Amino acid sequence: MNRKVPVWISAPLVCGAFGVLLWLERRRPLRRAVESKLKRNARNLAVAALSAAALQVTERPITEPLTALVERRRWGLLKKARLPEWLEVALAIVLLDYTLYVWHVLTHRIPWLWRFHVVHHVDLDLDSSTALRFHFAELVISILWRAGQVLLIGVSPLSLSVWQTALFLSILFHHSNVRLPFEVERRLNLLIVTPRMHGIHHSIVREETNSNWSSGLTLWDRLHGTLRLNVPQEEIIIGVPAYRAPEEVTLAKILVMPFGEERPTWQLPGDGKPARINLHGTPDQLSA
Ligand SMILES: [Zn+2]
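Residues numbered from 1 in each chain as written. Predicted model: local features only at pLDDT ≥ 70, side-chain atom pairs only at ≥ 80, totals over all residues. Heavy atoms only, no water.

A. Looking closely at the nonpolar core. Formed by 26 residues in total, the largest nonpolar core has its most connected members in V150, V155, W163 and L172. When contributions to this core are tallied by element, the ones reaching two or more residues are α1 (7-27), α3 (60-73), α5 (85-109), α7 (136-154) and α8 (157-175). Broken down by element, this core gets its largest block of residues, six residues, from α8. Beyond its immediate chain neighbours, meaning those up to four positions away, V155 contacts T67, V70, L96, Q149, V150 and L160. Counting 13 residues, the second largest nonpolar core, distinct from the first, contains W114, V118, L124 and V249. (Core = buried A, V, L, I, M, F, W, Y, C linked by side-chain atoms within 4.5 Å. Buried < 20%, exposed > 50% of the residue type's maximum accessible area, 1.4 Å probe, protein only. Helix = DSSP H or I, 4+ residues; strand = E, 2+ residues; numbered from the N terminus. Contact = heavy atoms within 4.5 Å.)

In structure tokens:
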């Protein structure tokens, strides 16, 4: 059985969520924007269109047959366990979410992977359009990881499609620049990644970026001791120290960024001195 979430359910869900978040971002913004929203949305959607096209020709021909094979031959952990379908799907989502946490850490820790992931992080503002802005090469490289996840966990076509839809909704939500009532966000954050939490991961301060790696459940950051919630959003500068000027993060520049000369990400340009960091705020050099 190769059942999966039909496109007529997932597409309106994702597009609808994006629309609602765009509307809320106008009405109740969480952080002040540096660049024009229209410009950034256009740029990020262009990056997204390229990535979607790249995934169509690279990911689908790999993961679709692979999940079908896992289903048919009962490969992987969950398929061996012969669980009721609802439980298998639920556990697959949890295990995919955890292994995505590990992948996210690797994209930061392994220098050649960071060259690609940094394109996502050099956005000078953070909103739901940032959720769509991953360099196509990062996504293509991640297919290998995805294939490993599918084979080891035993991910069926249904499990994969449910997870992909849920993940898409989750990343749109936690990248969004929506000011939720604090109490509501605090409660949601006990379970899932929220905008204030993920804002800290996009901070210019290295120690803050090196926290909050989860993409769905906050459980993984809690278990690994990498959860950080004590940074007020007003103190966060979004981005990385090496790329602070809008003219350095244009569409053309971010597309070639992974292949060009690499800048030390955590140093400010100019005299190249490392940014002195105070944990609760901005690098001193920026405010000087
Ligand atoms: Zn990241």
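B. Inspection of the packing of aromatic side chains at higher detail. All told, the structure shown has five aromatic pairs when counted by the stated rule. Judged by centre distance (4.9 Å) and plane angle (55 degrees), the rings of Y98 and W220 are tilted. Of this pair, Y98 sits in helix α5 while W220 sits in helix α12 (residues 219-224), placing them 122 residues apart in sequence. Here the aromatic rings of F116 and F259 are separated by 5.9 Å at their centres, their planes lie at 75 degrees, and the arrangement is edge-to-face. Here F259 lies in the loop between α13 (251-256) and α14 (284-287) and F116 lies in helix α6 (residues 111-121), a separation of 143 residues in the sequence. In this structure F116 comes out as buried when scored by relative accessible area, which is 10%. Following the ring pairs from residue to residue traces out a cluster consisting of Y98, Y101 and W220. (Phe/Tyr/Trp six-rings, centres within 6.5 Å; stacked < 30°, edge-to-face > 60°.)

C. Structural view of unusual backbone geometry. A positive phi is found at R74, a non-glycine position, where the angle reads about 55 degrees. For R74, the location among the structural elements is in the loop between α3 and α4 (77-81). With relative accessibility at 24%, the residue R74 sits in the partly exposed group. Its identity as a non-glycine residue notwithstanding, R82 has a phi of 50 degrees, on the positive side. One can find R82 in the loop between α4 and α5. Given a relative accessible area of 60%, R82 falls into the exposed group.

D. Just α6, in detail. Of all 11 residues in α6, eight are buried, a share of seventy percent or more. Every buried residue of α6 is accounted for by L113, W114, F116, H117, V118, V119, H120 and H121. Lining the buried residues of α6 we find α5, α7, α8, α10 (195-201), α11 (206-209) and α13.

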